[in-house]
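So you can see what is in the structure, the chains are spelled out below.
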Amino acid sequence: MNLSIRQIQPVFVGEVSGVDLARPLSRDDEAALEAGMDRYAVLVYQLTDEQQMAFSRNFGRLEDARGGNITRPEDKRLPEGMNDVSNLGRDGEPLDRASRQRLFNLGNMLWHSDSSFRPIPAKYSLLSARVVNPIGGNTEFADMRAAYDALDAATKALIEGLVCEHSLMYSRGSLGMLDYSEEERAMFRPVRQRLVRTHPVTGRKSLYLSSHAGGIVGMPMPEARILLRDLTEHATQPRFVYVHTWRRWDLVMWDNRQVMHRVRRYDESQPRDMRRATVAGDAPTAAQVDAA
Ligand SMILES: [Fe+2]
């Protein structure tokens, strides 16, 4: 990675790339930046994908992003390891209204926990705002520990040992996206997650809900769905929710084991560039059943 500075205003201001803000500067880089200040007077630093991933790696191994979307490899905009949660295509323009990728991504507007559709679900997510949309696009977080604590004793007893089935096909199916190729069906095969999970460090219990949850093992489907819907309504009451209004360059990290989140609607004709690094979890929450 070589340091370079690009002028971004006709008379001054340089944008710096190729410098790792998380490490001490080398003597050469320091000299280059001093020279850049002499020349441009104002320097703008960007959080690069590499820096975001390097910072995220402080907290564990990064999750393999494969299997989490329907975007074809040739359509990917970001390097391996970064989750693209923008509304942009490879050309940097907002996706067409009918784009299947766009329609699939609308599922992020449902309350969810990242990667609850994986056998070992995510630990942390670290989301960086590169371009903030002018209208809407807040991200909301709901505290699943407080929501669990507030349940009555009978409900806690009812859900204690329950195991849910999670799949991207359930969250997208609830939006009417029901057509998947054989390959996608195999990739999005449901996985099992406990409905009540216990934090490995604090020992605190939380509701492990997500729009990806579409069934409960051993329970008739409508009964399972109504219970999940009821718990989700309970857990997302305003008293359990924080609304984050994005400023450019904000980096927000959250624990998917303890919170749900969703993005709110925004102006899709305008760019919204958000990039996520995901720290992998270390264990499944429930025993899996191998597909036949
Ligand atoms: Fe998410």
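Up top is the structure these notes are about.
Calculation notes
Along each chain, residues carry numbers from 1 onward, in the same order as the chain's sequence is written. Two thresholds apply to this predicted model, a pLDDT of at least 70 for residue-level local features and 80 or more for giving and counting side-chain atom pairs, whereas whole-chain, interface and lining totals are computed over all residues. Side-chain figures throughout are based on the complete set of non-hydrogen atoms in the structure, without hydrogens or water. In this scheme, strands are said to pair when DSSP sees at least two bridges between them. Secondary structure follows DSSP: runs of H or I at least 4 residues long count as helices, runs of E at least 2 residues long count as strands, and numbering of each begins at the N terminus. Only one rule defines a salt bridge in this text: a Lys or Arg side-chain nitrogen within 4 Å of an Asp or Glu carboxyl oxygen. Each residue's exposure class comes from its accessible area (1.4 Å probe, protein chains only) as a fraction of the maximum for that residue type: buried when under 20%, exposed when over 50%, partly exposed otherwise. Within 6.5 Å between ring centres, the rings of Phe, Tyr and Trp (the latter by its six-membered ring) count as paired, and their orientation is classed by plane angle as stacked under 30 degrees, edge-to-face over 60, tilted in between. Working rule: Lys NZ or Arg CZ, within 6 Å of ring centre, within 35 degrees of ring normal, means a charge sits over the ring. A patch consists of residues whose relative accessible area exceeds 30% and which take part in no salt bridge; residues with like charges are grouped when within 9 Å of each other, and nonpolar side chains (Val, Leu, Ile, Met, Phe, Trp, Tyr) when within 5 Å. Computed by Shrake-Rupley with a 1.4 Å probe, the accessible areas treat only the displayed protein chains as cover when residues are assessed. The length a helix should cover is 1.5 Å for every residue beyond the first. Directions pointing from the helix axis toward each C-beta atom define the arc. Contacts: residue pairs with any heavy atoms within 4.5 Å of one another. Throughout, an axis means a line fitted to C-alpha atoms (over the contacting stretch in the case of helices), and angles, computed between N-to-C directions, take values from 0 to 180 degrees.

## Section: the sheet that holds strand β4 (residues 83–84)
Phase 1: Here four strands make up an open sheet; going across it, the order is β4-β15-β5-β13 and the pairing antiparallel. The sheet is open, and its two borders are formed by β4 and β13 (251–255), each paired with just one other strand.
Phase 2: Across five bridges, the pairing between strand β5 (residues 124–131) and β13 is antiparallel. When the sheet's bridge partners are listed, Ser125 is paired in β13 with Trp254.

## Points about the pattern of salt bridges
Phase 1: Taken as a whole and assessed by the stated rule, the structure comprises 21 salt bridges.
Phase 2: Note that Asp273 is salt-bridged to Arg275, the shortest N-O span being 3.0 Å.
Phase 3: In this structure Arg275 comes out as buried when scored by relative accessible area, which is 14%.
Phase 4: Several salt bridges converge on common partners, so that one network encompasses Asp49, Arg77, Asp84, Arg130, Asp273 and Arg275.

## A few points about the packing of aromatic side chains
Phase 1: Going through the model one piece at a time under the given rule, you end up with six aromatic pairs.
Phase 2: Judged by centre distance (6.3 Å) and plane angle (20°), the ring pair of Phe141 and Tyr242 falls under stacked. Note that Phe141 is positioned in strand β6 (residues 139–143) and Tyr242 in strand β12 (residues 241–244), a separation of 101 residues in sequence.
Phase 3: Relative accessible area serves as the criterion here: at 46%, Tyr242 is assigned to the partly exposed category.
Phase 4: Over the ring of Tyr124 we find Lys123; its NZ or CZ atom is 4.7 Å from the centre of that ring.
Phase 5: The positively charged end of Arg172 is found above the aromatic ring belonging to Phe104, 4.5 Å away from the centroid.

## What to know about a nonpolar patch on the surface
Phase 1: Side chains of Val11, Phe12 and Val42 sit close together on the surface and give an oily, nonpolar patch of about 260 Å² of accessible area.
Phase 2: By the element assignment, Phe12 lies in the loop between β1 (4–7) and β2 (14–17).

## Focus on helix α1 (residues 27–40)
Phase 1: With 14 residues, α1 should cover 20 Å at 1.5 Å per step; its first-to-last C-alpha distance of 20 Å lies within 8% of that length.
Phase 2: Taken residue by residue, α1 has Leu33, Gly36 and Tyr40 as its buried positions. Down the axis of α1, the buried set is contained in an arc of 55°. They therefore lie on one face. Summarising the geometry of α1, the exposed residues directed more than 90 degrees from the buried face are Arg27, Asp28 and Asp38.
Phase 3: In this structure, the buried residues of α1 make contact with β1, β2 and β3 (43–45).
Phase 4: Two residues or fewer past α1, Ala41 is found with a positive phi of approximately 70°.

## A closer look at the sheet that holds β1
Phase 1: What the three strands build is an open sheet, ordered β1-β2-β3; its pairing is mixed. Two strands bound the open sheet, and with one partner strand each, they are β1 and β3. For this sheet, the mean inter-axis angle between neighbouring strands, taken without regard to orientation, is 30°.
Phase 2: Pairing analysis gives three bridges linking β2 to β3, with the strands arranged parallel. By the bridge assignment for β3, Gly14 is matched with Leu43.

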